[in-house]
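A structural walkthrough
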Amino acid sequence: MAVYFDHKVDKPIAGPSIDITWHKNHPFLAVASRSDGGGGCVHVYRDEGELLEHATMQRACASMSLEWHPSRPIVCAGWENGEILLWNEQERELYWAEHLHKSEVVLLKWSANGTRLVSGDKNGLLVVWKADARGRLQPGPLCKHELPQMVTQCVFRPGVNPDAAADAAALARAAVSGDENALDMFVWKKGLSKSTTKTSGDGLTFFVSGSEGNVFYVDEKGTCKAAFNADGAVKKLLYNEYKDILVVVTESLMLSQFSVSPEGHCQELMKVKLSGKLGDFNVIWAGRGVLAIATGEPLVRMWDLERDDNYALTLDGHQGFETGECINCITFSNSKGLLAGGTNNGRIALWKYSSSGGYGRNREGEDRWKIQGPAQVEGNILQVKWGSSKNYLAVNNIANVIILTEQIMSSHFKDEVACVQVSPSSLSVDMYTNGIHHDLKTDIHIKGVHASREHIAIWNGRKLVAYEIGPTIRAVGTFTTESPLVAVYDQNVYTTEPGKVQVRTFQGTVKQLISFSEIEGEPVSLDVNGNYLVVGSSTGYIKIFDLSRREAKLHATPKCLTEDIMKFGKLNSVKVNCNGTKVSILSTKNDDVTDPILYVWDVDMDTIANFDFSVGHGEQEEYSQADEKEEDQTDVERGRSEAARDIAGRYPLSHFWDPQEPKLLVCEAKLSQTADQNSPKKSHLASGAYQPAEVIVVSLFSTLEHGVMLQDSFPLAENHNGLMGLQVPYFYFVKRLSDIGPGDPHSPLTNLGNAVSRQVMRDFVGLEDGDKSARDAMMNFSYYLTIGNMDEAFKAIKLIKSESVWENMAKMCVKTRRLDVAKVCLGNMGHARGAKALREAEKEPELDARVAILASQLGLLDDAERLFKSCKRHDLLNEFYQGSGQWSKAMECGELHDRIHLRTTYYNYAKHLEAKGDINGAIPNYEKSDTHRFEVPRMLCDEPQALEAYIMKTKDKALRKWWAQFMESTGEMETALQFYEAAQDYLSLCRVYCYCGNTDKAAEICNETGDRAACYHLARQYENQDNVKDAIHFFTRARAYSQAIRLCKEHGMEDQLMNLALMSTQEDMVEAARYYENNPNTQDKAVMLYHKGGHFSKALDLAFRTEQFGALQLIADDLDERTDPNLLNKCADFFMEHGQYDKAVELLIVAKRYLEALDLCIQHNVTITEKLAEKMTIPKDSNQVDNETRLKLLEKVADCAFTQGSYHLATKKYTQAGNKVKAMRALLKSGDTEKIVFFAGVSRQKEIYVMAANYLQSLDWRKDPEIMKNIIGFYTKGRALDSLAGFYDACAQVEIDEYQNYDKALGALSEAYKCLTKAKMKNISQQEDRIANLKHRIGLVKKFVQARRLFDEDPEESVKLSQVLLEEPELDTAVRVGDVYGMLIEHYARNENYRKAYDCMEEMRTRIPTVNMAYYVNMRTVEAIHKALEIPLRRGMGAESKGKLSDEEDGDVVEEEIYNGDDYC
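What this report covers is the structure whose coordinates are included nearby. Nothing here was measured: the structure is a model prediction, and the numbers come from that model.

1. Some details on the pairing of strand E13 (residues 143-146)
Moving residue by residue along a regular strand, the side chains alternate between the two faces of the sheet. What you see with E13 is a clean split: Cys143 and His145 sit on the buried side and Lys144 and Glu146 on the side with no burial. Two strands pair when backbone bridges link them, and strand E12 (residues 125-130) and E13 are joined in this way by four bridges, in the antiparallel orientation. In the strand pairing of E13, Val128 is matched with Cys143.

Below, the structure is given as structure tokens:
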């Protein structure tokens, strides 16, 4: 709770203040005044009203408009004579804009980035000025426009949507953290924002309105165009930056909304007339999409544009305001969420906005705004403005300007003395020991207060005043001090200075100095409890002093918290218990986040225990809970876990020790921001979840053995501002200023004020006036109950006989979830019904459900509702609502969460209404429960006319049928027929018509409707009349074929019998077949009916006897494994005898005679299809045969398929039989290369690898590098190195013969040599011969390659080597002789030694008589040699050159595709 200190600004001139405006960030307030002698001035003040004398602008005319620069401390003033003056406080400089306006400047508006200033005057001149980075206006305007009317309002269009900016900021943070998706999204949004910014002018476009209702749009280039025309003079222009919507309010209170395109085009979305008093009114934004309107009435009208909702915030009925007091002006602080309104009686009404739902209910509209205590000034307030980064409030009542600064209201409680600040300079003092109240008025603004049993100290940061309290109150001393911390004990005052604590008298005399070293830091927290003083320092040191002696004496060794608290940042508050053995600590982490843990320092043991409000339990409880799973916990442990969950997600605000009980500690805890954001936003009933209170009060016990343990918690009441202390048996709370009023006349403390509220502790209800022994007994009971020592707990209270105490203890068990204790309490109370309900509740699995049942029996309806919700037992919650008479909630709960009991809920509600006599209300609920067909006639049985009217109204067929039956019972057949027809009850219609003898009408109804029941009834009637034909017809329409068949058999109607039998059931078919079997002429029909009826054996037997071969074939198609094996064998033999082997095979397979079926396939060439093969495949898990027999059968199927050329099927069956080699052979037969490669790869058998490689070698592997790789790979995997060597040898020969690439050939031969040396051939001598041969060939190829390479470096040596090669006896086995000659010929030709070249050509022809010279030597070289020697070129020379060149080109391409690297392949 806060109060507001007022600072009146010092006006240097007399005269009214006509305008005020704050800077957005800097603590500067500009005030425009008009002097009594004429003229005007603008003064600038600091935040506490201090005048900046140098910052004054004065003219002979009045200032008509004021506007601060958005970021720099520059104030702009428009004057009546058209001048525009700017004062720069940072540079202390005054400068002028060019004097373009010739009339009073009524409008000034800066753009959001401060680079544009818009000015407008009364004649309609609109000027746009450009400002530099320092805020100085450039000499000439950017543009100016003559508008046809006076300029009234201007609003800039933001360049970036705030939601998009927030999303981009979040994505940027995620991208920096390493999220690649966020980085991509950030880049995309960045580009999108650039394009958006470009179209919207980077926040430089704006709308301006005129006095006649015209609205204009000015883009970033200064172009002005008409946007639209409003209905009347525009009073306010506002822009919804989240939705890109322009809001216009006219002087006639007409509100319009326009959507704005990127180009500035406006389209009207809605228009509405606002209610309120016309005249001078205020319209402002009061949150996202929420308009606040003050029209000089006792209320503020709110319009939520996004939700299309409107409501009013009124002053009526609120304390502190007079009846009829009107609000003239309003202002809203976004950071504080505070709406302030100035009234005509000099008061500031304040409403605080809260987005959270609060405790136990959902807030909508006006419920989200909580009125605060008013701030009082004087006069008729005409202007209020929030401003600066510190959110000061400036108030203008024309005569004076007052600056209000918020100050948290001071309060203190000790020794049953409560002091509460109720205004800036007044205190409410209550002494509970003797029931005395004082209202203390002071001459200082109170910033702090501290009380003891007999004294009070107040201070304002510069001065301290001490008072003695008793029947009267008087000042006993005053002195100056700047100490922010003060404590009072006996006759001493404890204040702080840098590095020390001073012990002073009430007159300020220093009696003792308590010093703190530089390491220990500065004192930042003081507390006195009992005879002990605790001091906390800025560096985390804590010192405790004993005050019982003449001087304060150190009670224990100072404690340094940084050694025991992880991430310790700074100390917030320390409190000591009454015997100085424990100190509680609140701190902030080193990241400036409030630590959610309350620490308790045990002075004697020098240990620190803690209670973590973020999880709801202490450290010892955490260890115990971690050891057990939730399902293994006892009810007591589960109850503690549930209580911890109620507290979790909070952080401590304040803490207090009891002045008499050293173990009892109480804290205020608030929901953390993250927990609040994650809390559900729907209604508590719609979401089915309990919404936690924002602030709760938590009581704890601190002991050495058990650490810090939770004792109780409850939400802070809405009329309470906060906890100020405790003293058993009461908590003491400060009331909100808005709730402080006259005391309760029924209270025993009628003489006390109403600023403090006392609340009895949960455990002590009924013991408020008890003696000390009773209180001690209850305290011990509560303590032992908390730690789980039930024996000691009951010993402590065995002497208490008060029934109210036992009832309170039972209610306490709802909080603690101790049902074992509740049973004892209910027994002592004599609460038999509650004891029974609790015993029956033991069957419920959820602890919270059982506790909720206890709460409902004790009348704790809110607790019961909350517990049912927390355990999500919506069925029990529904019953609870019904039992407590909350029928609307019961039905809502049923609709949303308990639909299985929804109809029961409606039924019970209808019964409830019927019992109350509300018949009209009960009927729709019976309908919703779907019981109206019985219940409504029962309820209206005494009112037949009402019942008939209800039946006619509802048009329910069942009810109409019931009413028709009722009419029939009374003999009113015509009425009955009418209602039967309306109910479409054709059976009853037919029955009544037959009863009346009108069978023709009955037959007409049956033929039209085809109702089976009606047709059956009519057929029986015809049968009784011996009308067999019609009876059969209607039996057939009723699908009562057995009855129709019966009549056909009885009357020999064989033609109809067959058709009826085929339409009927199998049993009827068999019966009809027996009938036909007895007649030799109709046995074919009997076979068919036996077959259709599923009696195959009988059908086959009769077909065999009567030799109906066509029927046999049809029957055989329907035989399966369920058929009698003998029957299958018989059919199979029949088909074999008649040469239908394919059908015989199928039947043999069905009979599981697989080998015979296979033999039949082989003998008579019956093709084994995929389907047949699958039928002959016995599953692995089958128990028909052993696995060996199964595999042999599979192989035989595969052999048969192989023989028939179904190679793929054979491969599949060989594979299933596990014979992969045969499977590969079958696959090789198919020639499917792709499947062969795949099968070899998955089989992983050496033999299969070799088989696959051998097959691949039979293909054109020279032109397919993939095949080559597979060949090499398969030979390698198959360990067939001799075969691989042969393949490499073949590759080498291909390289020589087709591509003349001896380098590659040498590589291939080398690989062949490596493989052959590693191979393990059976014939070792043969292997050695092959190795020797390879080695010799490799040597020859190497010599040739070496000779070819030397031609460029040493031609003579190369020629010698070539000649040596030609002398080798077996040169052709490795190197083609023509290639050697060709190399020599090319060499001689290049050196123009054409004779030798020609000799080599002749020698080559001699050695190779059939040589084609063009194959080895380039044709141009041959032609050049012959031409040089003038020898004619012989016919046929080079005839194959063209083809060979083409082959070489192709070879080069393949070579590039196949080879890459030093080794071959």
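2. Focus on the packing of aromatic side chains
Per the counting criterion, the structure on display carries 25 aromatic pairs. Taken together, a centroid distance of 5.0 Å and an interplanar angle of 50 degrees make the contact between Phe207 and Tyr217 tilted. Here the residue Phe207 occupies a position in strand E15 (residues 206-210), and Tyr217 occupies one in strand E16 (residues 214-218), the gap between them amounting to 10 residues. Summarising the burial analysis for this pair, Phe207 and Tyr217 share the class buried. For the ring pair Phe731 and Phe733, a centre distance of 6.3 Å and an interplane angle of 55 degrees mean the geometry is tilted.

3. Here's the deal with helix H24 (residues 1012-1024)
In this model H24 runs 18 Å from its N-terminal to its C-terminal C-alpha over 13 residues, within 8% of the 18 Å that 1.5 Å per residue would give. Sitting at the head of H24, Asp1011 places a side-chain oxygen 3.3 Å from the backbone nitrogen of Ala1013. The first or second residue beyond H24 is Asp1026, which carries a positive phi of 60 degrees.

4. Quick notes on the nonpolar core
Here is a general trend for soluble globular proteins: nonpolar side chains tend to be buried in one another's company. Within the largest apolar cluster, 75 residues are counted, with the highest numbers of intra-cluster contacts made by Met1224, Tyr1275, Val1341, Leu1371, Val1375 and Ile1385. At nine residues, the largest contribution of residues to this core is made by helix H44 (residues 1324-1353).

5. Some details on the packing of helix H10 (residues 819-829) against helix H12 (residues 847-857)
Between H10 and H12, the shortest axis-to-axis distance is 11 Å and the interhelical angle comes to 20 degrees. Comparing the axis directions of H10 and H12 gives the class roughly parallel. Like other packed secondary-structure pairs, H10 and H12 cross with a definite hand, here left-handed. For the pair formed by H10 and H12, the contact residues are Leu819, Ala822 and Leu826 on the first element and Leu847, Arg850, Val851 and Leu854 on the second. Of the residues assigned to the contact of H10 with H12, the class counts are six nonpolar, no polar and one charged.

6. What to know about unusual backbone geometry
In this model, Val728 is joined to Pro729 through a cis peptide bond whose omega is 15 degrees. Secondary-structure assignment places Pro729 in the loop between strand E60 (720-727) and strand E61 (730-735). Despite not being glycine, Lys567 shows a phi value in the positive range, around 55 degrees. With respect to the helices and strands, Lys567 occurs in the loop between strand E50 (559-560) and strand E51 (568-576).

7. Some thoughts on the sheet that holds strand E36 (residues 426-431)
Taken in spatial order, the four strands of this open sheet run E34-E35-E36-E37, and their pairing is antiparallel. Lying at the two open borders of the sheet, with one neighbouring strand each, are strand E34 (411-414) and strand E37 (436-441). Going from strand to strand, the sheet's axes swing by 15 degrees on average, the running direction of each strand aside. Pairing of E34 with strand E35 (residues 417-423) involves four bridges; the strand directions are antiparallel. The partner of Phe413 across the bridge, within E35, is Ala418.

8. What to know about the sheet that holds strand E57 (residues 664-671)
An order of E56-E57-E58-E59 is seen for the four strands of this open sheet, with the pairing classed as antiparallel. Edge positions in the open sheet fall to strand E56 (650-657) and strand E59 (707-715), since each of these has one partner strand only. Strand-to-strand twist in this sheet, taken as the mean axis angle between neighbours without regard to direction, amounts to 30 degrees. Bridge analysis of E57 against strand E58 (residues 695-703) gives seven bridges, and the strand direction is antiparallel. Note that in E58 the partner of Lys670 across the bridge is Val695.

9. Here we look at helix H22 (residues 986-995)
Every buried residue of H22 is listed here: Ser988, Leu989, Cys990, Val992, Tyr993 and Cys994. Here the buried face of H22 lies against helix H20 (957-969), helix H21 (973-982), helix H23 (999-1009) and H24.

10. Things to note about the packing of H22 against H23
Viewed as axis vectors pointing N to C, H22 and H23 meet at an angle of 160 degrees, and their least axial separation amounts to 8 Å. As summarised for this structure, H22 and H23 are arranged roughly antiparallel, according to the angle between their axes. In this structure, H22 crosses over H23, and the sense of that crossing is left-handed. Touching Tyr986, Leu989, Cys990, Tyr993 and Cys994 of H22 are Thr999, Lys1001, Ala1002, Ile1005, Cys1006 and Thr1009, all from H23. Partitioned by chemical class, the residues of the contact of H22 with H23 number eight nonpolar, two polar and one charged.

11. A word on the environment of Leu767
Assignment of secondary structure puts Leu767 in the loop between strand E62 (756-760) and helix H7 (772-787). Expressed as a C-alpha distance, the spacing of Leu767 and Val805, which sit 38 residues apart in the sequence, is 7.1 Å. When near neighbours in sequence (up to four residues on either side) are disregarded, Leu767 contacts Ala774, Arg775, Met778 and Val805.

Procedures and definitions
Residues numbered from 1 in each chain as written. Predicted model: local features only at pLDDT ≥ 70, side-chain atom pairs only at ≥ 80, totals over all residues. Heavy atoms only, no water. Buried < 20%, exposed > 50% of the residue type's maximum accessible area, 1.4 Å probe, protein only. Helix = DSSP H or I, 4+ residues; strand = E, 2+ residues; numbered from the N terminus. Pairing = 2+ DSSP bridges. Phe/Tyr/Trp six-rings, centres within 6.5 Å; stacked < 30°, edge-to-face > 60°. Expected span 1.5 Å × (residues − 1). Polar contact = N/O pair within 3.5 Å; in protein donor to acceptor, adjacent residues only side chain to side chain. Core = buried A, V, L, I, M, F, W, Y, C linked by side-chain atoms within 4.5 Å. Axes fitted to C-alpha atoms, helices over the stretch in contact; angles between N-to-C directions. Parallel < 35°, antiparallel > 145°, perpendicular 65-115°, else oblique. Left-handed = near helix turned anticlockwise from the far one by under 90°. Contact = heavy atoms within 4.5 Å. Nonpolar A, V, L, I, M, F, W, Y, C, P; charged D, E, K, R; others polar.

This is a description of form; function is not addressed.
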